[in-house]
Amino acid sequence: MLHDEASLKRIFDLALKNHKENNLNDAEKLYLDALEINPLHFDSIFQLASLCAFKKDYVKAKQFLKKAIQIKPDHASSHNNLGGLFFKEGNYYEALVSFQRATEVDSKNVNAKNNLTALLRSLEIKEINKIKGTNLKKLYLFLFRRNDIYHEDIFINAKLTLFSEKKYEKLEKNLNFNSPILNEPDIKDFLREELLILMLQKSLTTDFFLEKILTKLRSEILFNFFNSKKDILLENLKFVLSLSIQCFYNEYVFFQTKEEEKNIKRLKDEIIKKKKIEEIEIAILGSYLPLLSVKEVEKKLFDYKSKNSLFNDLLTIQIKEPLIEKKLKNSIKTLGKISNMISKKVRDQYEENPYPRWRFTYERLPVPFLARFKNQIKPNQIKIENNFEYPKILIAGCGTGHHACIAQDYINSKILCVDLSLSSLAYAKRKTNELGFNNIEYLNTDILELHKLKKKFDVIECIGVLHHMKNPLEGLKILLDLLESNGLIKLGLYSEKAREHIIEVRSFIGKNNFGTSIEDIRESRMKIFNKKKDRMFNKIINRRDFYSTSTARDLMFHIQEESFTIPQISKILSDFNLEFLGFSNEIIKNEYSKVFPDDARNISLENWNNFEISEPDTFIGMYNFWLRKKK
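Residues numbered from 1 in each chain as written. Predicted model: local features only at pLDDT ≥ 70, side-chain atom pairs only at ≥ 80, totals over all residues. Heavy atoms only, no water.

Novice: Can you tell me about the overall build of the chain, naming the residues and giving the values?
Specialist: Broken down by element type, the chain carries 32 helices and 8 strands. Structurally, the chain occupies a C-alpha span of about 85 × 55 × 50 Å along its principal axes. For the chain, buried positions account for 54% of its 631 residues. Long-range pairs, those at least 24 residues apart, make up 72% of the contacts in the chain between residues at least 6 apart in sequence. (Helix = DSSP H or I, 4+ residues; strand = E, 2+ residues; numbered from the N terminus. Buried < 20%, exposed > 50% of the residue type's maximum accessible area, 1.4 Å probe, protein only. Contact = heavy atoms within 4.5 Å.)

Novice: Before we move on, can you summarise the nonpolar core with the specific residues and values?
Specialist: Phe239 and Met556 are the most contacted members of the largest nonpolar core, which has 152 residues in total. The residues touching phenylalanine 239, leaving out its near neighbours within four places in the chain, are Leu191, Leu196, Ile197, Leu200, Leu214, Leu217 and Ile221. With 43 residues, the next largest nonpolar core counts Leu476, Leu482, Leu483 and Ile566 among its residues. (Core = buried A, V, L, I, M, F, W, Y, C linked by side-chain atoms within 4.5 Å.)

Novice: I'd like to hear about the sheet that holds strand 2 (residues 392-396), residue by residue, with values.
Specialist: The 8 strands are arranged 1-4-3-2-5-6-8-7 in an open sheet whose pairing can be described as mixed. A single partner strand is all that each edge strand has here, and the edge strands are strand 1 (333-334) and strand 7 (578-583). Pairing geometry for strand 1 and strand 4 (residues 440-444), over 2 bridges, is parallel. Residue pairing for strand 4: lysine 333 is matched across the bridge by leucine 443. (Pairing = 2+ DSSP bridges.)

Novice: I'd like to hear about the packing of aromatic side chains, residue by residue, with values.
Specialist: Under the defined criterion, the tally for this structure stands at 30 aromatic pairs. Relative to phenylalanine 373, the ring of phenylalanine 369 lies with its centre 5.8 Å away and its plane at 15°, an arrangement referred to as stacked. Taken together, the residues phenylalanine 369 and phenylalanine 373, both in helix 22 (residues 369-377) and 4 residues apart, mark about one turn of the helix. For the pair phenylalanine 369 and phenylalanine 373, one class covers both residues: buried. On the basis of an interplanar angle of 50° and a centroid distance of 4.8 Å, the ring pair of phenylalanine 619 and tyrosine 623 is categorised as tilted. Taking the relative accessible area as the measure of exposure, phenylalanine 619 reaches 3% and is therefore buried. What links up through ring pairs into an aromatic cluster is the set Phe580, Phe583, Tyr592, Phe596, Trp608, Phe611, Phe619, Tyr623 and Phe625. Positioned above the aromatic ring of tyrosine 494, the side-chain terminus of arginine 499 is 3.4 Å from the ring centre. The lysine or arginine in question, lysine 532, covers the ring of phenylalanine 529, its NZ or CZ lying 4.7 Å from the ring centre. (Phe/Tyr/Trp six-rings, centres within 6.5 Å; stacked < 30°, edge-to-face > 60°. Lys NZ or Arg CZ within 6 Å of the ring centre and 35° of its normal.)

Novice: I'd like a rundown of unusual backbone geometry, residues and numbers included.
Specialist: In this structure, proline 356 follows tyrosine 355 across a cis peptide bond, with omega equal to -15°. Mapping proline 356 onto the fold places it in the loop between helix 21 (341-352) and helix 22. Cis geometry is found at the peptide bond from lysine 378 to proline 379, where omega equals 15°. Within the secondary structure layout, proline 379 lies in the loop between helix 22 and strand 2. Residues other than glycine seldom take positive phi values, yet asparagine 22 does so here, at roughly 70°. With respect to the secondary-structure elements, asparagine 22 resides in the loop between helix 1 (2-20) and helix 2 (24-37).

Novice: Describe in detail the environment of asparagine 236, supporting the description with residues and values.
Specialist: Within the fold, asparagine 236 resides in the loop between helix 15 (230-235) and helix 16 (237-249). You can call asparagine 236 buried: its relative accessible area is 6%. In the structure, asparagine 236 is positioned 268 residues away from glutamate 504 in sequence and 42 Å away in space, judged by C-alpha atoms. If sequence neighbours within four positions are ignored, asparagine 236 has contacts with Leu191 and Arg192. Side-chain polar atoms of asparagine 236 contact the backbone oxygen of isoleucine 232, separated by 2.9 Å. (Polar contact = N/O pair within 3.5 Å; in protein donor to acceptor, adjacent residues only side chain to side chain.)

Novice: Can you tell me about the side chain of threonine 432, naming the residues and giving the values?
Specialist: Positionally, threonine 432 belongs in helix 24 (residues 422-434). Here tyrosine 442 takes part through its side chain, which lies 2.7 Å from a polar atom of the side chain of threonine 432. Apart from residues no more than four positions distant in its own chain, threonine 432 is found in contact with Cys405, Phe437, Ile440 and Tyr442.

Novice: So, the pattern of salt bridges: which residues are in play, and what are the values?
Specialist: When their charged atoms lie close together, side chains carrying opposite charge are able to pair. Inspection of every chain in the model, using the stated rule, returns 36 salt bridges. Ionic pairing is found between glutamate 298 and lysine 295, a salt bridge with its closest N-O pair at 3.1 Å. With glutamate 298 and lysine 295 both in helix 19 (residues 295-301) and 3 residues apart, this pair spans about one turn of that helix. Taking relative accessible area as the criterion, glutamate 298 reaches 9% and is therefore assigned buried. (Salt bridge = Lys/Arg side-chain N within 4 Å of Asp/Glu carboxyl O.)

Novice: Describe helix 12 (residues 185-192), listing the residues and the values that go with them.
Specialist: Taken residue by residue, helix 12 has Ile187, Phe190 and Leu191 as its buried positions. Each buried residue of helix 12 lies within a common arc of 95° when the element is viewed along its axis, so the set occupies one face. What points out from helix 12, more than 90 degrees from its buried face, is the exposed set Pro185 and Asp189. (Arc of directions from axis to C-beta.)

What follows is the structure in structure tokens.
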């Protein structure tokens, strides 16, 4: 017996060594040899499943995982990996069951939680409606109760799960009348819905119908306050506080009437005069303007502690965090002087409206840079001379830091984040400090000044930045000069074809003489919504960036932007002697492969151009792609 155990350990260890060294056939034979000694050897079965999945033998991989689960029913990784295989083959129900089981067994399992989020994010509602026998609302609640995912990714499908067609119809009836709606039974249920409350706290409400309801409710809450109907407001304090958090998060993009503006000034004056703090008053005020913007109110509230944890959250979000950012500005170094006129104008835009605001993001398991990179460029495979064991990474134009959190995945990385806007950098530094990241340095500078760094980087990521420069190619040349000879660079550039609707909306904005004040942004959004039957305007309304002040300004009012076509990108790569390694969006590449199966590596820019001509919304976000210098 002891002899068998020793043999089993020796064979399994040798199998694992071969597996790590990519000697897959030898590893597979050794794992099977281990199972000859002990047919229920869990580790061999689990590793065989992984090996078969890598070789794309998904049938065998599923068989091994099911056997592993029989042996260890509470092994979260087995359930998660099985869910991943079901997801690949489009069996969404079984995938959902497996991911759910993995999170039930181990709620802290990062991969299972992220995979569950990815599934609920990526499915169209018609696919979700096919999933019978599972409580989708329960799953969305599980995710929205957490603070370790990016909730905006699942907002749309969570909303569609929460509001059936019948519920929409009932809510719409209430909206179509001028009478008060707070006491309507359907509205009362709406205000107490936990999932809605959490969605308001943790995600932008990227839906105009929901925005209309919230705008009407906010107006009525203010009206009721001045008509001595506080009881109904106190009953719904959690909703009012959540609405106040939402309005701060979307930077008060909701439309306001002149009557509301008068009443909010009156409310502000009353709060300033009073010695006693009434939390419902503060919550209403915070749904119309940031509490920090009223100095007397900020002083009253700075050291205030409530028994209501959600009220304390409101104070943290609207007062304490912005004050932390103000202090952090002094700790951020600068390089050179921002002297280019376009750079100055772009900086001023992001100083006024740091882009974008975000509360939570995904927890990820750190992986070697090359593993993440190879996953992003697949099915392309390339020979890489640099092992990127300790990668030096530059994020050129990091904004408010959400991008920096993605690069944080890379094990042993040292990251420099640069941006024109000091306000954006302070936001980024606060957020990454909260997350405990200690390998990120921030620098306030223009890309045009980066030649003064006297440094080289293994990896440069510049997403959504070059197209806002006066001369994008000048910026690209500077970045390439900073790249090690065997380094990699990822760019994100706007697609001309995918932005035709934005060009039309910008023309409409210009004809109506809308500026970039908050009042003009609000009014322009209402006018655009009223033209929603126009296909181009409807596309704008369905963009996530339509739903906050900073993102709407970036989307429709940007001071400088240039769009590109794939032939233009191809010429740029030729002129700069760069090798195209692939787009990073797996879903887009899967669709492309169906049309161009002969391009096994997905790197023919001529084919990609033809694909985009036939599917002009393919790169509606932007082109995201990896490059390297040619030898």
